[in-house]
Every structure is written in C-alpha cells, then in structure tokens.
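What follows is the residue order along each chain.
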Amino acid sequence: MGLFEETITAWGITHEALLDKLAAPVFVKNLNGRYIYANEMAGCMLGRPASEIVGCADHDLFSSEMAVRMLACDDKLVASGNSAACEISLSGRGHDGERCYWLVRQVLRDEHGQIVGLASVATDITDRKRQELELVALKNKFAATLQALPDLMFELDSEGRYLDCHAQQSELLVASPGDLIGKTVHEVLPPDVAAICIRSLGEAMEKGISTGLQFQLDVHDGSRWFELSVARKASAGDHLPHFIVLSRDITDRRNAEHALRESDSLMRAIVDNTPVEYWARDLDGRCIMENALVVEHWGSLLGKRPQDSNVSPDELAVWQYNNRRVYEGEVVEEEVEYEVDGRKRIFNNVVAPIKVDGRTIGIVGFNQDITDRKRNEEEIHRLAFYDSLTHLPNRRLMFDRLEHALIGSARRARHGALLLIDLDNFKFLNDTHGHEVGDQLLIEVAKRLKTCIRQGDTAARLGGDEFVVILEDIDGTGDDANQAELIAGNIQAQLNHPFSLVRGPEGLSIDYHCASSTGIALFDGTTVSAKELLRRADTAMYQAKAAGRNTLRFFDPAMQAAVTHRAALESELRQAIDGQQFHLCFQVQIDESGRPTGSEALLRWEHPTRGTIPPASFIPLAEETGLIVPIGQWVMATACRQLAAWSKKPATAGLTLAVNVSARQFRQAKFTDQLRDILRQTGAPATRLKLELTESMLQEDTEAIIGRMAELKQLGIRFSLDDFGTGYSSLANLKRLPLNQLKIDQSFVRDVLTDPDDAAIAETIVALGKGLGLEVIAEGVETDAQWRLLANVGCRNYQGYLFGRPLPLVEFEQFLQGCDTGANDAMVDIPA
C-alpha cells in the first residue's frame, strides 16, 4: 500500500474517487511539506491540472508570503494535533480577478495514532468577502445616518447568520459585535426568540419586508422588549439574499400598554393624546370609540359605518373585505394613501379583533402616519441605487438590471444591446467653464437619454461623463444590430443639438455643442457576464473615439484581438524599460558645405522575440500610458552621456545632439531640475544639446512652455521646432519663443519637386527663419534633386537618407571617420 493509500485509509476514507468528485478543493501533503494528492477542484482552484500539484510544495504553488503563512499554520497544526484554518488570496484565478478561500486543515493519523500527513479543504469565500466590502462601503457612505439611528441594526443571511452589526446602545446587545459576527441567531438567542427572527426573515424573503414581530429578551440592562423590522437587500445574479434587520427597543411602549390595561381612565387619556389614529367598531361596523386625532382628520365617526362616510365604491369594497377578515380573527396590516388637509399622506393601518373570553365582539384599528418614514426609506434607497446628480440608476443598480436583462434574454430567446456613451471633450468644458456648468450638461444629457429610449429599457450613469443604455427585447431575426444602431444614432443626434447652459451668478448664457462616442455590445442570452459585456462596450467605445469621435462602433472579436495585442504590447513595453531593450541610433545633420554639424538621437526597441519594433508602433502607446516619461528620461541620460564622450574628442567635440522631448515629459514640474542633474552627472556640454519640440506642443499653455524654455535656455540648451509647418503655429507666439532652429517637416520635402505648394511652403519657411534670425534645417532629404532645390531657396542645413541613415553608435562613429577622410558620398559641394 502506497503512502497516499495509507494516508487516506488513516483518514478513514477508502476510495480516492470519492475525493476526486467532491465539490470542494481537497489537498493532502506529507510531513515533508510535499503534496501527495489533490482532487480536480483543487486543480481548478490553482489553475493547473491536479497531477501537476502532486510533488509540489507550498512555495511552488503560492506567493512567498502565502507559503510562509501556510508553513507556520502547518507547524502549529502538527504541534497541537487539532484542526486549524486560514484565509488565502489567489490573484488572477477568476474572470473577475482575485479570489479568496477559507482553508480548513487537520492532521491525518495512522492506525497507531501517529501523525502521517495533513489534509486541507478549501471553501471559496470571494462573494462573501465582496459583499462584506460593499456593506462596509455603504456603511461609510451613510455613517451620519447610522450614527443618528437609535435602533440596533444587523445584516443577516437567509440562515440567520450575523454578517454585520451597528449599535448605538451596545448595552442592548446580548453579546459584543465581535462575538455575534459569523454566528447564527440559534447560537446566540433563546430558541423562541431565534424562531421569531427566522420567521421575520422568511416573511421578508417572500414579501420584501417584515415588520411588527415582537419578543422579550434578557440583555445586560435587564429584560427588554424589542420589535423587528426586516427588509431584503437588492441582490444581483445568483447571490444568496441578505437582510437588513432593525431591532427597536419598545420596552417603554409595552409598559405603557400594560398600564392601559390596568386603568381605563389612563387608557382613555393616552388614546386621546396619542399621535396615532385610534378607533373601534362593533360587529355591525359602527364606530364605538375614536380618539382626538381621528376627529381632527375625518370628523367624528361615532355611530357611523364605513359606508356612511364619503368614500369611493372601491375604497368601501376594500374596507369591507379587510374588516370581514378581522371579524373572522385575522390581524390586517396595510399601507394606505389618504389626503389629509389637502396633502397626500401614507398611513400604516393595523386592524385587529376585540375578543372577550375568546369571542370576537368588535374590531380595533390604529392608523399611523408613516409619510416621513417612507420618504426617508425612499431617500436611503435613492442614495444607494441612484446617481445623486442626474437621478439615473447608478453603477450598482445598472449592473443589477443588466444581470436581469441577460437572464430575461436567455429565457425569452430575445436579443439585447448595451450602449456605453462617453461625452467627447467633457474635461475641456469643466476646465473652461467650471464644474457647475459641467454638472448642468450631465443633468440635461440624462433628460435627453430618457426621451430616446423605449419603455422597459434602462438609462444609467456609470460615472463621470459615461452613460449606459440597456436595450432589452430587440428583434432577434438579424435586425438587432440595425435596431441598436438606430437607437444609438438617435441618441447621438439628440445630444448633438445645442445645450443651453448658464454660467456663474451673473447668468452668462452658453450654447454648448456636445459630441459623444458610443460603443455597442450585443447580447443574446449566451454565457456572457455583465462585467464582460460592459468591457466589450468599453472596447467598442474607445474604437469610436479612435475613429474621430462623435461616432459609434460595434464590438467584434477582431476589435478585441487588437485591444489584447495593445495590452500585451503595453506590458512588454514596461518590461523593456527594466530589461534594457532600448538603444539609440544617430542620424547625421550637415551644413551647406557637406560638413557634419551634429546628429539626431533616435530611439530603437529591440524586442527579444519580435525583433526591432518601429517607434511609430510604440511611441503613441507610451504617450497614452505615461511610459513616455521614464523612457524619455532614459533617452535624455543616454544622449547626454554620449554627448559628454564626444566632447572629449577633438574630432567630435563640436557636434550637437538633437533629442526629441514629448509634451508630457516637457510639462513635468521637475523637468528642468532633472535635466540640470543629468548634465551635471554626465558632464555633457549644455550648449551642444538641442531639444526638439513639436508645434502641437506649443498650442496649449503657451505661457508655461515659454517659461520652461527660458529656464533651460539659461543653462545653455538650444531648441529646434520640429515638424514646422504642420501645426498651425501662431506667428505672434513664434517670435516670442527662444528658438534656435526651425525644422522643415519631411512631408513638405518629400513632394517638393512635384507639388508647387510644398515648394512654396519650404521657401517660405526658409525666408521666415532668416527673418527671425533662426537656422533652418530640412529633414527627410532623400534625393540629390531635393537637396539642390532646397539649397537654391536658401536652406543651409540638411538631414536625410541622402547623407546618412540612422546608425548604431559604433557604425555612426565609423561614418564620421569616413567623413573626415572624404570617403562619404554625401559630402558633396553646394551647386553654384
């Protein structure tokens, strides 16, 4: 018999197949810490076949921190011989991220009682942990409300297990909150009281709410009477229901009722002065008693029957039906809306039989005005499930309705669609006109959305400037995409109509034109989660933005493949920074005599498996993700080190080095200090460093850009305006910039021989540079004819394949040596 069979036999289980089919992860390890068994569920939990777990130790399967914790638990378990438990988290083990498990472990003994191994059974507690976090968040949100709540408040599951506890008066608890959490009512309350609690949960499960059940309980402050109010929490998907339980101390009220029974005169006085309507009727329905509040609201009813009052036939029918039930021994409780003093009020009506010696002699009723309480309950519900600004369903309620839409789609075999709508340039509106104007726009957008959708559909605010529309039961005959596109197009058209907004206390009127980008994800009841569907719509929405904004796009697998590729590239780009996968190439720049005056540093990425990745494939992604900042810092430091090395050699001491700087990097508050430190640490001459800025960078926050350039200019650094002619620079701003050089964009150089407009633009830039006292360099010069034309219009500096391609450092320095000996073909004379 092998060790596994011996261990399992010692544990009292003889069939391995039984463990294999258990609906819970099961592990068995020997005393050396090696797993000798794992069932199929254990493999699913760890994301690998169970056969690959056997032979592994904890440090092979879990993080270092988790492995140390589990080893400590094992040592404690073996030392004590008892069972032990611990909580573990596994990242990336589920479609929704991290999963949490509760691991129960116990020792395994042989027939001699010797410990031969350890067994573990895991329980997935991810949903419970998530619910606990949601409850904590909700509690924090309504902390002020909870602090003002005098009742005991609990959260229980359907088995009566305490999940949370809030008590302003802890002396009314039978145990401390810490001792209650995790236990059931049967474990902490007397059997009769526990039965009442379970009964109230059952009523709330069936009706949504349960009120009025009372019980007596011995607490630290003596024997007290309590009244329960239970409400079922809204839940999404297949989660087990939870309940909010309010337990109100009604001891004083019970004592008053007892006093009423002891004294008729006292009862009369209290009935007349109570803020609750109180009345009684005999078996013929005539009113035989009323208090002052009944008379105030309805006039005296003494001697009258319901049909004698000014009520509608429908109200009379309801009264007679309920009274007949009470005469037969029932207690009837209902909420009724009445108009009192011209205002609609909500009353909680309780009608009960009056019995003497077991015989019903009449009925008694209490009508309590609960209008304010109902409004408070509705407000709490609104705060929990609706956006406070637009009053649309919030993210929480949206997911709940989306889950129901998916279930309904599967049940009815009908299609649906999820629309994710993002307002274009909303941040610009906030920045220019203020958040109050932005809030006005969000409110008006919400109003228009509600007019564009059908009855039964849902419009919700996801957050910020993002809205969601859930379309249910659209045609499933192949026209579902057309219907979704039609509705989405109508929404965009409505949002494109101008919005009349008001700014500031002076009431400045603003006509704002709002554009939006919409992503559409269709669903047909197949196994797709609400989160996955929203992710698909989000992917499509970003494709709509990439397509030029103010448009819509459908999700498709190709689109997702592109997103997945982008995510993989981003991850690999982060690894490239630490893995030293970047290097610089250098492209020569020459003057009119053909003499090299410097070079431009160009970034290259050598991927370990993909080879050389062109800058156009990763620079935009680096800009978008912010990775351009650490990449730019590496480029700057590397370039300065090379510039310092050149400065020590007579042949290269006079060369300049141009480095491209991204807008994101240049706008960093510490950019000047960082560059000053790099120059000091590398010993690079600042006067030989040339920063290339793009025209588009100068169009936003021009004053700050000019100030930053002035700081760097004081260090001796030079500036070149890259891609000049493509960014629509203001000439007024251009003359204020401390520039040294204009760079004619290669798009003009490429067609300078065939397009008269490009030739004219190039000549104009040369003339403009001369007028402003700036050097002019043309990039992208590839043919002798291009070079000669540029020379003829007065351009005296050049860069391009005609003179030299971008080269790694060693090859570039060899190229420079060839220039010194006249070996380079690019060293030609300027034409006369």
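Residues numbered from 1 in each chain as written. Predicted model: local features only at pLDDT ≥ 70, side-chain atom pairs only at ≥ 80, totals over all residues. Heavy atoms only, no water.

### Quick notes on unusual backbone geometry
Notably, aspartate 473 is not glycine yet its phi reads approximately 55 degrees, a positive angle. Relative to the helices and strands, aspartate 473 resides in strand β18 (residues 466–474). Notably, glutamine 580 is not glycine yet its phi reads approximately 55 degrees, a positive angle. Its relative accessible area of 73% is what places glutamine 580 among the exposed residues. (Helix = DSSP H or I, 4+ residues; strand = E, 2+ residues; numbered from the N terminus. Buried < 20%, exposed > 50% of the residue type's maximum accessible area, 1.4 Å probe, protein only.)

### Details of the sheet that holds strand β22 (residues 552–554)
Strand order in the open sheet formed by five strands is β17-β18-β16-β21-β22, and the pairing between neighbours is mixed. At either margin of the open sheet sits one strand with a lone partner, and together these are β17 (458–463) and β22. Looking at each pair of strands side by side, their axes are set apart by 20 degrees on average, direction ignored. Note: β17 against β18, five bridges, orientation antiparallel. In the sheet register, arginine 461 faces β18, and the bridge partner there is phenylalanine 467. Strands β16 (415–423), β17, β18 and β21 (516–523) of the sheet are contacted by helix α17 (residues 395–412), whose axis makes an angle of about 20 degrees with β18. (Pairing = 2+ DSSP bridges. Axes fitted to C-alpha atoms, helices over the stretch in contact; angles between N-to-C directions. Contact = heavy atoms within 4.5 Å.)

### Focus on the pairing of β18
Consecutive side chains of a regular strand alternate in pointing toward one face of the sheet and then the other. Across the nine residues that make up β18, a large majority, seven, are buried. When β16 meets β18, the two strands line up antiparallel, connected through seven bridges. Residue leucine 418 lies in a different strand from β18, and its bridge partner there is isoleucine 470. In this antiparallel pair of consecutive strands, β17 and β18, the connection spans two residues, and glycine 464 shows a positive phi of 60 degrees.

### A closer look at the pairing of strand β11 (residues 277–282)
In terms of burial, β11 is largely enclosed, as five of its six residues are buried. With six bridges connecting them, β11 and strand β15 (residues 359–369) associate as antiparallel partners. Opposite alanine 280, over in β15, you have valine 364 as the bridge partner. Pairing analysis gives three bridges linking β11 to strand β12 (residues 287–290), with the strands arranged antiparallel. Of the residues in β12, the one forming a bridge with tryptophan 279 is glutamate 290. Hairpin geometry of β11 and β12 is characterised by an intervening segment of four residues between the two adjacent antiparallel strands and by a positive phi of about 90 degrees at glycine 285.

### Here we look at the side chain of serine 210
Inspection of the secondary structure assignment puts serine 210 in strand β8 (residues 209–219). At 2.7 Å, the side chain of serine 210 forms a polar contact with the side chain of glutamate 203. Beyond its immediate sequence surroundings of up to four residues, serine 210 is in contact with Ser200, Glu203, Ala204, Leu228, Ser229 and Val230. (Polar contact = N/O pair within 3.5 Å; in protein donor to acceptor, adjacent residues only side chain to side chain.)

### Re helix α30 (residues 756–772)
Because each turn of an α-helix spans 3.6 residues, side chains separated by three or four positions end up pointing in the same direction. Taking 1.5 Å of rise per residue, 17 residues should cover 24 Å, and α30 covers 24 Å from first to last C-alpha, within 8% of that figure. Taken as a whole, α30 has its buried residues at Asp758, Ala759, Ala762, Ile765, Val766 and Gly769. Within α30, the buried residues cover an arc of 125 degrees as seen down the axis, which keeps them to one side. More than 90 degrees from the buried face of α30, the exposed residues found are Pro756, Asp757, Thr764 and Gly771. Close packing links the buried residues of α30 with β28 (718–724), β29 (741–744), α29 (746–750), β30 (775–779) and α31 (784–792). Taking the backbone nitrogen of aspartate 757 as reference, a side-chain oxygen 2.9 Å away marks aspartate 755 as the first, capping residue of α30. Where α30 ends, the next residue or the one after it, glycine 773, has phi of about 75 degrees, a positive value. (Expected span 1.5 Å × (residues − 1). Arc of directions from axis to C-beta.)

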